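Coordinates in review
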Amino acid sequence: MSAPDAATPTAADPAGFAERLLRWFDRHGRTQLPWQRDPTPYRVWVSEVMLQQTQVATVIPYFETFMARFATLQALAAAPQDEVLHLWTGLGYYARARNLQAAARQILERHGGEFPAALDDVLSLPGIGRSTAAAILALSKGERHAILDGNVKRVLARVFGIEGDPGSAEVLGRLWRQAEACTPPQRAAAYTQAIMDLGATLCSRARPACARCPMTALCVAARAGRQAELPGRKKRARRGRREATLLIAESGTAGSRAILLERRPSPGLWGGLWAPPQFASAEEALAWCRRELGEPAQALRLEPIEHAFTHFDLTLKPLKVRCARARAVREADRLWYELGAPPKVGLPQPIRRLIGLLAASAIA
DNA sequence: CATACGTGGGG
DNA sequence: TCCCCAAGTAT
């Protein structure tokens, strides 16, 4: 039995992997990302949660604004939920924001306001799973914990030729074992950043820059010309379609126009955010309007709003009704949203656009 | 194990 | 137009 090819990394001997990666990182790694400045557990935590399923370029401005307002875990815990969601508006996956604040409050109660040091305690916080917990402890404290995000999955699947759908438990298990085997005891923070950087920059999904990659000589996919086939694809169901009628109830008050919004239930789509009441049909919307707000002075159909989600397309049909204001400005789950001086609440992206159009139409 | 959860960008 | 994906987690 001959000795294994020295250039071929294996799960048993992936040492060359980390060394090559770190050497590349020292020359080409990213070091100027906002959360890399003063990488406290709190700052790294917020960044990692924002970065879940979200690209770096999208996160950066949100992170800056969020940290300016909530500089500490205590500030986040003490804030009204609406303000947290307001700063999350447009970022998506709003359960992340709700969980972030819930976790901050949990840390205050159970850990005296100090971000927990033990992996199990970190893992028990809402919104923090295995990869995020590992990333926080590795990046903020240099502890050796393997991560497995989209970047790492892609790098490992290609370099080690791990076939199959990464969504399946079996392949996921192989990827985790490989990630554990590759993570070195020394320079854990740099390594963690490095493997994400490699996946995000050179080892991209569409056009990997193998010519500049430090792994090409070892890479099973590159050596076989199979970069496009790894990692395996997850077959996804065709996108469905939903539609709803939006009741845009506009108050008749001259000089201070407002529309009625309701807090959406959580969990659920846009949970905790505010949007106009939704109905299956215009008839249902009008019936509700007469019951809750009185007979509208007029009703006007506006242009439908199309919005694409990951798994479905949503068509919102706005029905604008003019009515006399009959209720308090703010209740627990209902508010009149002033177009002039709006309260700071979370708004779904399509609703934010709609409100922008309504506000502009007043000027015309 | 499959599905829900947002949004913007790329091919 | 349509599919895929991006620093995943919760149920």
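Residues numbered from 1 in each chain as written. Chains lettered and ligands numbered in written order. Predicted model: local features only at pLDDT ≥ 70, side-chain atom pairs only at ≥ 80, totals over all residues. Heavy atoms only, no water.

1. Thoughts on the packing of helix α2 (residues 41-50) against helix α3 (residues 56-69)
Relative to each other, α2 and α3 sit at 140 degrees, their axes nearing to 10 Å. Taken as axis vectors, α2 and α3 run oblique relative to one another. Relative to α3, α2 is oriented so that their crossing is right-handed. Contact residues: Tyr-42, Arg-43, Val-46, Ser-47 and Met-50 in α2; Val-59, Tyr-62, Phe-63, Phe-66 and Met-67 in α3. Among the residues making up the contact of α2 with α3, the classes are represented as eight nonpolar, one polar and one charged. (Axes fitted to C-alpha atoms, helices over the stretch in contact; angles between N-to-C directions. Helix = DSSP H or I, 4+ residues; strand = E, 2+ residues; numbered from the N terminus. Parallel < 35°, antiparallel > 145°, perpendicular 65-115°, else oblique. Left-handed = near helix turned anticlockwise from the far one by under 90°. Contact = heavy atoms within 4.5 Å. Nonpolar A, V, L, I, M, F, W, Y, C, P; charged D, E, K, R; others polar.)

2. Observations concerning the domain arrangement of chain A
Entries for chain A in the domain assignment read domain 1 (14-224) and domain 2 (241-359). Once you take the C-alpha centre of each, domain 1 and domain 2 turn out to be 37 Å apart. Contacts between the two partners involve nine residues from domain 1 and, on the opposite side, 15 residues from domain 2. Summed over both partners, the interface of domain 1 with domain 2 comes to about 970 Å²; 49% of that surface belongs to carbon and sulfur atoms. At the boundary of domain 1 and domain 2, one finds one salt bridge. Across the pair Arg-263 and Asp-82 runs a salt bridge, and its minimum N-O distance is 3.2 Å. Here the side of domain 1 that touches domain 2 gets five residues from one element, more than from any other, and that element is helix α5 (residues 81-88). (Domains from an automatic or database assignment. Buried area = accessible area lost by both parts, 1.4 Å probe. Salt bridge = Lys/Arg side-chain N within 4 Å of Asp/Glu carboxyl O.)

3. What about the protein's contact with DNA strand B?
Residues in close proximity to DNA strand B total 21 residues, the closest being Tyr-93, Tyr-94, Trp-270, Thr-310 and Gln-349. If you look at DNA strand B and keep only atoms within 4 Å of the protein, 57% of those are sugar or phosphate atoms. With three residues, helix α14 (residues 349-363) is the single largest residue contributor to the surface near DNA strand B. Broken down by class, the residue content of the surface near DNA strand B amounts to ten nonpolar, nine polar and two charged. (Near = heavy atom within 4 Å.)

4. Examining helix α13 (residues 282-292)
Every buried residue belonging to α13 is among Ala-282, Ala-285, Leu-286, Trp-288 and Cys-289, and all of these are buried. Taken around the axis of α13, the buried residues stretch over an arc of 160 degrees, which confines them to a single face. Exposed positions of α13 whose direction lies more than 90 degrees from the buried face are Glu-283 and Arg-291. Of the surrounding elements, those touching the buried residues of α13 are β1 (240-251), β2 (258-263), β4 (278-279), β5 (298-301), β7 (312-323) and β8 (334-338). (Buried < 20%, exposed > 50% of the residue type's maximum accessible area, 1.4 Å probe, protein only. Arc of directions from axis to C-beta.)

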